[in-house]
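Chain by chain, the residues:
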Amino acid sequence: MTARVSVAVLGATGAVGQTFVRLLDRHPYFRIAEVGASPRSVGRSYREAATWREGELSDEIGELQVRACDPGAIRSRIVFSALDAEAALDVERCFAESGAIVLSNAKSYRMEPDVPLVIPEVNPGHLALLELQRERRGWSGGIVTNANCAVTVVAMALAPLHERFGVSTVFATTLQALSGAGYPGVSALDASSNIVPHIGGEEEKIEEELGKLLGTVGSDGAAHAGMVVSAHANRVPVVHGHTACLSVGFETEPSVEEVRAVLAEWRGAEVSRGLPTSPPDVSVLRAEADRPQPRRDADTGSGMSLVIGRVRPDPVLDVRLVAMAHNTVRGAAGGSVLNAEVMGRLGLLPDVEEGSW
Ligand code: NAP
């Protein structure tokens, strides 16, 4: 690779948008050329519009002028979207129609049968849906989504187990970080020393997206895996890192040792390995009785590794375990960037030759 490819970040001022900016600043293949946000921010410098919250913001990006999220104002053909779902519905469609590839974090298109919902290590084969999407919708670009941040944790923990033993039933209780609600997010009075046992729409997302992620794709679109999922989603006073406590029933009856061995050996799909955002270890199995913990473990693999612990027998189903990952990195911006890297490698990005990465 010689020149870096120009990209845009939509919703660049928000919690996920800022994580995109942090991950893409000095990325070896991508260069942020444009940033977009709401009319409230348009025309201001990025430094002025975004209340920058983590680390140092480079001058190159801080001085970019925030543009309207419209293909007339933003010309990059690779677009990372951290938009609110409501705004994403029209904006992402307009960019896909205009020929851009949109890598979206919003829920708006995730469950459409012709839209890939992808975790790079789990189901990169679902990118084949892009062809069906273009055929059906007449778009010259396309939309590729990544999963909800809590689903990402559950799906990464279950993917290798489903492949090997067939997952039939899942009870998932999530303990989700405050940064998952964006900025300013949950009010301090609700968040401090407290647990809020409701996150609007989250349980449904966990129950629906998991089946699509672990399912197959065919000529009619995505076919869902048939497991039954029951989810309880809770907001907890943690800054970054979503935890999922899982009880799992299998079609076969693996021992706890077999489950541990599969989790320890899992490296994810080959096409997702060795890219700039791939973690050295996709999943890290901890032996200690009190791990994973978000404060200690969320930055494992620069926030891209899944950390698993407490794999033990379950008296109701077969096995239970605890899984945790960084929500705005692995569960959002980092997942999208890795999707884009995989797409570049497969020749699915504008201006990037197949196999050059
Ligand atoms: P956020 O902090 O509230 O940021 C929202 C962004 O969208 C801001 O940049 C905002 O710009 C922009 N925006 C809002 N309305 C707009 C409009 N009408 N036109 C153009 N831009 C508009 O939210 P977030 O937590 O980063 O989440 C962003 C998306 O990612 C959401 O769809 C969310 O569900 C999804 N997601 C979040 C997480 C997470 O852990 N936080 C994980 C996975 C997925 P202004 O600053 O100008 O208002």
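Here goes a summary of the coordinates provided. None of the values given here were measured: they were computed from a predicted structure. (Residues numbered from 1 in each chain as written. Predicted model: local features only at pLDDT ≥ 70, side-chain atom pairs only at ≥ 80, totals over all residues. Heavy atoms only, no water.)

### Re the side chain of Thr 145
Phase 1 of the analysis: Counting through the fold element by element, Thr 145 comes out in strand 6 (residues 142–145).
Phase 2 of the analysis: If we ignore the near neighbours within four places in the chain, the residues touching Thr 145 are Ser 104, Tyr 109, Arg 110, Val 115, Pro 116, Leu 117, Val 118 and Asn 339. (Helix = DSSP H or I, 4+ residues; strand = E, 2+ residues; numbered from the N terminus. Contact = heavy atoms within 4.5 Å.)

### Focus: the nonpolar core
Phase 1 of the analysis: Among the nonpolar cores identified, the biggest contains 43 residues, and Leu 158, Leu 161, Leu 210, Leu 246 and Leu 321 are the most heavily contacted of them.
Phase 2 of the analysis: The set of elements that each furnish at least two residues to this core consists of helix 6 (149–165), strand 7 (167–176), helix 8 (202–213), strand 10 (228–235), strand 11 (242–250), helix 9 (256–265), strand 13 (306–313) and strand 14 (319–325).
Phase 3 of the analysis: By residue number, the principal contributor to this core is helix 6, which donates eleven residues.
Phase 4 of the analysis: Once you skip the residues sitting within four places of it in the chain, Leu 210 turns out to touch Val 151, Val 154, Ala 155, Leu 158, Val 170, Lys 205, Met 227 and Val 229. (Core = buried A, V, L, I, M, F, W, Y, C linked by side-chain atoms within 4.5 Å. Buried < 20%, exposed > 50% of the residue type's maximum accessible area, 1.4 Å probe, protein only.)

### Looking at the site of the ligand
Phase 1 of the analysis: Around the ligand lies a shell of 27 residues, among which Thr 13, Ser 38, Arg 40, Ser 41 and Leu 83 are the nearest.
Phase 2 of the analysis: With respect to the ligand, the backbone of Val 16 contributes an N or O atom lying 2.8 Å from an oxygen atom.
Phase 3 of the analysis: When the free accessible area of the ligand is taken as 910 Å², the share hidden by the protein chains comes to 80%.
Phase 4 of the analysis: Looking at the shell around the ligand, the elements with two or more residues in it are helix 1 (15–24), helix 4 (85–97) and helix 11 (329–345).
Phase 5 of the analysis: Of the residues assigned to the shell around the ligand, the class counts are 13 nonpolar, twelve polar and two charged. (Near = heavy atom within 4 Å. Polar contact = N/O pair within 3.5 Å; in protein donor to acceptor, adjacent residues only side chain to side chain. Areas by Shrake-Rupley, 256 points an atom, 1.4 Å probe, with all protein chains shown as cover. Nonpolar A, V, L, I, M, F, W, Y, C, P; charged D, E, K, R; others polar.)

### With respect to helix 4
Phase 1 of the analysis: Its 13 residues give helix 4 an end-to-end C-alpha distance of 18 Å, which sits within 8% of 18 Å, the value for a rise of 1.5 Å per residue.
Phase 2 of the analysis: Where helix 4 bends most, at Val 91, the angle is about 25°.
Phase 3 of the analysis: Within the span of helix 4, buried status applies to Ala 88, Val 91, Glu 92, Phe 95 and Ala 96.
Phase 4 of the analysis: Those residues of helix 4 that are buried are in contact with strand 1 (5–10), strand 4 (78–81), strand 5 (101–104) and strand 6.
Phase 5 of the analysis: Gly 99 lies just past helix 4 and shows a positive phi near 105°. (Expected span 1.5 Å × (residues − 1). Bend = angle between axes of the 7 residues up to and from the residue.)

### What about the sheet that holds strand 12 (residues 283–285)?
Phase 1 of the analysis: Spatially, 10-7-11-14-13-12 is the arrangement adopted by the six strands of the open sheet, whose pairing is mixed. In this open sheet, the two strands that pair with only one neighbour each are strand 10 and strand 12. The average angle at which neighbouring strand axes cross in this sheet is 20°, direction not considered.
Phase 2 of the analysis: For strand 12 and strand 13, the ladder comprises three bridges, and the chain directions are parallel. Paired with Leu 285 across the two strands is Ile 308, which belongs to strand 13.
Phase 3 of the analysis: Where helix 6 meets the sheet, it contacts strand 7, strand 11, strand 13 and strand 14, and its direction lies at approximately 30° from that of strand 11. (Pairing = 2+ DSSP bridges. Axes fitted to C-alpha atoms, helices over the stretch in contact; angles between N-to-C directions.)

### Section: the packing of helix 6 against helix 9
Phase 1 of the analysis: The geometry of helix 6 relative to helix 9 is characterised by a closest axis approach of 9 Å and an angle of 120° between their N-to-C directions. Taken as axis vectors, helix 6 and helix 9 run oblique relative to one another. Note that helix 6 runs across helix 9; the crossing there is right-handed. Contacts between helix 6 and helix 9 involve Ala 157, Pro 160, Leu 161, Arg 164 and Phe 165 from the former and Glu 258, Val 259, Val 262 and Leu 263 from the latter.
Phase 2 of the analysis: Residue composition of the contact of helix 6 with helix 9, by class: seven nonpolar, no polar and two charged. (Parallel < 35°, antiparallel > 145°, perpendicular 65-115°, else oblique. Left-handed = near helix turned anticlockwise from the far one by under 90°.)

### With respect to the pattern of salt bridges
Phase 1 of the analysis: For the structure on display, the rule yields 17 salt bridges.
Phase 2 of the analysis: In this structure, Arg 110 and Glu 209 form a salt bridge, with 2.9 Å as the shortest nitrogen-oxygen distance. Taken together, the residues Arg 110 in the loop between strand 5 and helix 5 (129–137) and Glu 209 in helix 8 connect sequence positions 99 residues apart.
Phase 3 of the analysis: When its relative accessible area of 4% is taken as the criterion, Arg 110 is described as buried.
Phase 4 of the analysis: A salt bridge links Asp 297 to Arg 286, with the nearest nitrogen and oxygen atoms 3.9 Å apart. Of this pair, Asp 297 sits in helix 10 (residues 294–297) while Arg 286 sits in the loop between strand 12 and helix 10, placing them eleven residues apart in sequence.
Phase 5 of the analysis: Owing to a relative accessible area of 26%, Arg 286 belongs among the partly exposed residues under this scheme.
Phase 6 of the analysis: Through salt bridges with shared partners, a single ionic network connects Arg 286, Glu 288, Arg 291 and Asp 297. (Salt bridge = Lys/Arg side-chain N within 4 Å of Asp/Glu carboxyl O.)

### Overview of the packing of aromatic side chains
Phase 1 of the analysis: Scanning the model with the defined rule gives seven aromatic pairs in all.
Phase 2 of the analysis: Here the aromatic rings of Phe 20 and Phe 80 are separated by 5.2 Å at their centres, their planes lie at 40°, and the arrangement is tilted. Taken as a pair, Phe 20 in helix 1 and Phe 80 in strand 4 lie far apart in primary sequence, 60 residues in all.
Phase 3 of the analysis: Taking the relative accessible area as the measure of exposure, Phe 20 reaches 0% and is therefore buried.
Phase 4 of the analysis: Classification of Phe 80 as buried rests on a relative accessible area of 0%.
Phase 5 of the analysis: Centre to centre, the rings of Tyr 46 and Trp 52 are 6.2 Å apart; their planes meet at 70°, and the pair counts as edge-to-face.
Phase 6 of the analysis: Judged by its relative accessible area of 0%, Tyr 46 is buried.
Phase 7 of the analysis: Within the aromatic cluster, the residues linked to one another by ring pairs are Phe 20, Tyr 29, Phe 30, Phe 80 and Trp 357. (Phe/Tyr/Trp six-rings, centres within 6.5 Å; stacked < 30°, edge-to-face > 60°.)

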